[in-house]
Structure formats: structure tokens, C-alpha cells
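Close look at the chain arrangement
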Amino acid sequence: MQIQQLVQENRSKPPLLIEDMTVAYRKQPVLRQVTFAAPEGSLVGIVGPNGAGKSTLIKAALGLIPRVEGRVSVYGKPYREQRKRVGYVPQRESVDWDFPTNALDVVTMGTYGRLGWFRRPGGAERKLALDCLEKVGMADFASRQISQLSGGQQQRVFLARALAQKADLYFMDEPFVGVDAATERAIISLLEELKNQGKTVLVVHHDLSTVEEYFDTVMLLNVGLIAAGPVSEVFNRNNLQKTYGGRLALLDRRL
């Protein structure tokens with residue numbers, strides 16, 4: 001499917017619409033004129049080589065880093081007006097895990113956006129946080145300091161926090177990196193549950209061998225957007241060659 005066709009089919013009020021987005025570091029483009037519309041209720045894999053701009057795309061869409069040009073809308077409105085509808089799971093390496101708080105408190109933070117500035121979380125929010133920890137298999141660790149958890153356990157806590165946000169659109173930046181097999185299964189189960197609820201999830205992903213199994217839509221990115229659309233249509237050797245170039249030969253065993 002052509003990129004413009006995907007945009008046109010989802011232009012009414014898609015969960016996420018990125019139009020002509022360019023991001024640069026020190027005047028060097030990291031993303032160049034990216035246009036993409038995420039289909040509602042889809043699991044979108046963002047795939048490309050190191051340095052392709054995958055994490056940058058998420059951060060720029062969320063306003064965490066500045067854009068040189070371009071527009072981002074969430075369900076037809078600017079992101080700043082739709083923050084409550086968006087959940088974000090950052091790279092685990094970017095989090096200060098030494099911060100003195102326990103798993104339940106971290107997940108409860110996910111309810112703050114809907115509470116507003118003047119309300120404190122109460123019993124209902126704590127129960128929601130516990131339910132979310134239960135869904136990711138971490139209820140027994142609710143009172144454990146996050147610094148005492150393993151990498152996979154920490155990732156599950158952040159997934160539970162995203163669930164507690166009750167968002168409609170989720171961004172997940174490399175959630176599978178450095179986790180054990182049990183955590184990977186838990187993440188996949190969570191993604192499927194979100195999709196079944198009609199949520200839309202964009203995931204930065206590196207393992208080409210699991211793209212067809214995990215996602216129904218894929219973005220192939222290398223500074224510019226090479227191809228985007230249903231995995232069955234665009235995840236092929238021709239597009240992968242355009243995305244990875246000579247590096248594709250090193251990935252042949254994964255395809």
C-alpha cells in the first residue's frame with residue numbers, strides 16, 4: 001500500500017496523523033518529511049536500522065523533542081489537547097531506576113493525567129494500579145522498590161503504568177529489548193488485549209523475524225519513510241533492501 005493511500009484512508013480522524021515531519025540534530029536531518037497515518041485498532045511496528053530515527057519519531061510526535069517542520073495530530077486534534085488519550089512506554093535505559101519508589105506507586109502515576117492537578121489518587125486509583133500489575137504478572141511485587149526488580153520486571157511495571165493511563169493510543173519504545181522470554185510473552189499478550197479493545201499501539205522494534213507474527217501494520221524507516229502499510233503487503237525483501245541497504249545481508253537468517 002502506498003503511503004499517501006494509507007494517509008487518505010485514515011485522514012478523517014486517525015489515532016495518529018504525522019504530516020511532513022522533519023527533525024534535525026545540529027542541522028543534520030534525523031527524520032525527513034515523514035508522513036504517516038496509523039489505522040485505528042492496529043499494532044504498528046516501527047522498523048529500521050540503527051540511527052534510522054525510530055525513537056526520534058516517537059519523541060517528536062509526543063513533543064519531547066522539537067520538530068523542524070511538520071504537524072502531528074491525535075484523533076484530529078493537536079497532541080497537547082489529547083494528552084489524556086496517549087500512553088507512553090519509554091526505553092528502559094532512559095529511566096532512573098534508583099528513584100526511591102515502589103512498583104505500585106509507579107503504576108499509580110499513570111492515573112495522574114486523568115485526575116488533574118488538584119486531585120490526589122485514592123482507593124479507586126490504587127485498585128486500578130493493582131489490577132494493572134496483576135495483568136502483567138507483577139501484583140506480588142507491588143511493594144517492591146523498582147531498583148530491586150530485574151530488567152524484565154521493570155519493563156512490566158512500566159507497561160502496567162501505561163495500562164493505568166487508560167489511553168487510546170500507545171507509543172512503546174523498544175519494549176522487547178533486554179527482557180526474558182516470559183516478559184516478551186506478557187508484552188505480546190498485552191498488545192493483543194489492547195488491539196482487541198480497539199486501541200492503537202506503535203512499537204519501535206528490531207527483530208525482523210517476529211514482525212509478521214507481532215504486528216499487522218509496519219513502518220519501514222530510514223531517515224525517510226521507505227514504506228508503510230499492512231505487513232502482508234509492505235514487509236518484503238524489496239522494501240527491506242531499500243530500508244537496510246547492504247546491511248540486509250547480515251539479517252538474512254532472520255527473514
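Further up the page is the structure itself.
The following refers to the structure shown. Treat the numbers as computed from the prediction; the structure is a model and nothing was measured. (Residues numbered from 1 in each chain as written. Predicted model: local features only at pLDDT ≥ 70, side-chain atom pairs only at ≥ 80, totals over all residues. Heavy atoms only, no water.)

1. Quick word on helix 6 (residues 151-164)
Between its first and last C-alpha, helix 6 extends 20 Å over 14 residues, near the 20 Å set by a 1.5 Å rise per residue. Counting buried residues in helix 6 gives 14 out of 14 residues, a clear majority hidden from the surface. K166, located one to two residues past helix 6, shows a positive phi value of around 50 degrees. (Helix = DSSP H or I, 4+ residues; strand = E, 2+ residues; numbered from the N terminus. Expected span 1.5 Å × (residues − 1). Buried < 20%, exposed > 50% of the residue type's maximum accessible area, 1.4 Å probe, protein only.)

2. Some words on the pattern of salt bridges
For the coordinates displayed, the defined rule picks out 7 salt bridges. Residues R71 and E19 are paired through a salt bridge, measuring 3.6 Å at the closest nitrogen-oxygen approach. With a gap of 52 residues between them, R71 in strand 4 (residues 69-74) and E19 in strand 1 (residues 16-25) connect regions that are remote in the sequence. Classification of E19 as buried rests on a relative accessible area of 16%. When the shortest N-O distance is used, the salt bridge between D131 and K127 registers 3.1 Å. One end of the pair is D131 and the other is K127, both in helix 5 (residues 123-135) and 4 residues apart, which spans about a single turn. Several salt bridges share partner residues, and in doing so they unite R85, D168 and K199 into one network. (Salt bridge = Lys/Arg side-chain N within 4 Å of Asp/Glu carboxyl O.)

3. So, the packing of helix 5 against helix 6
Running from amino to carboxyl end, helix 5 crosses helix 6 at an angle of 130 degrees, the nearest separation of the two axes being 8 Å. Comparing their axes, helix 6 and helix 5 come out oblique. Pair helix 5 / helix 6 crosses with right-handed handedness. Each of L128, C132, L133 and K135 in helix 5 lies in contact with helix 6, whose residues at this interface are V157, A160, L163 and A164. When its residues are assigned to classes, the contact of helix 5 with helix 6 shows 7 nonpolar, no polar and 1 charged. (Axes fitted to C-alpha atoms, helices over the stretch in contact; angles between N-to-C directions. Parallel < 35°, antiparallel > 145°, perpendicular 65-115°, else oblique. Left-handed = near helix turned anticlockwise from the far one by under 90°. Contact = heavy atoms within 4.5 Å. Nonpolar A, V, L, I, M, F, W, Y, C, P; charged D, E, K, R; others polar.)

4. Let's talk about the nonpolar core
In terms of nonpolar packing, the biggest core is built from 46 residues, with M172 and L191 touching the most fellow members. When residues of this core are assigned to their parent elements, the largest contribution, 7 residues, is made by helix 6. When near neighbours in sequence (up to four residues on either side) are disregarded, M172 contacts I58, V89, L159, L191, L194, V201, L202, V203 and V204. If you look at the next biggest cluster of nonpolar residues, it comprises 30 residues, including L16, A38, L62 and F171. (Core = buried A, V, L, I, M, F, W, Y, C linked by side-chain atoms within 4.5 Å.)

5. Quick word on the sheet that holds strand 10 (residues 224-230)
Across the sheet, 6 strands lie side by side as 6-7-8-3-9-10; this open sheet has mixed pairing. Each of the sheet's edge strands pairs with one partner strand only, and the pair in question is strand 6 (86-89) and strand 10. The mean inter-strand angle of the sheet, taken between neighbouring strand axes irrespective of direction, is 15 degrees. Bridging between strand 3 (residues 43-47) and strand 8 (residues 200-204) involves 4 bridges; their strand directions are parallel. Its bridge partner lying in strand 8, V44 is registered against L202. Contacts from helix 10 (residues 237-244) reach strand 3, strand 9 (217-222) and strand 10, with the element oriented near 35 degrees to strand 9. (Pairing = 2+ DSSP bridges.)

6. Here's the deal with unusual backbone geometry
Even without being a glycine, Y75 presents a positive backbone phi close to 50 degrees. Assessed through its relative accessible area of 9%, Y75 is described here as buried. Phi is positive for K166, close to 50 degrees, though the residue is something other than glycine. Along the polypeptide, K166 turns up in the loop between helix 6 and strand 7 (169-173). By relative accessible area, which is 49% here, K166 ends up partly exposed.

7. A short note on the packing of helix 6 against helix 7 (residues 181-196)
At their nearest, the axes of helix 6 and helix 7 sit 10 Å apart, and the two run at 15 degrees to each other. Compared by their axis directions, helix 6 and helix 7 come out roughly parallel. Read as a crossing pair, helix 6 and helix 7 show a hand that is left-handed. Where helix 6 approaches helix 7, its residues G152, Q155, R156, L159 and L163 are matched on the opposing element by A182, T183, A186, I187, L190 and L194. Here the residues of the contact of helix 6 with helix 7 sort into 7 nonpolar, 3 polar and 1 charged.

8. Points about the side chain of R156
Secondary-structure assignment places R156 in helix 6. Although R156 is buried, it makes no salt bridge; D180 carries the closest opposite charge, 4.3 Å away. Sequence-distant contacts of R156, defined by excluding residues within four places in its chain, comprise V136, G137, M138, D180, A182, T183 and A186. (Lys, Arg positive; Asp, Glu negative; His and termini not counted.)

Limitation: the analysis is restricted to geometry and does not speak to function.
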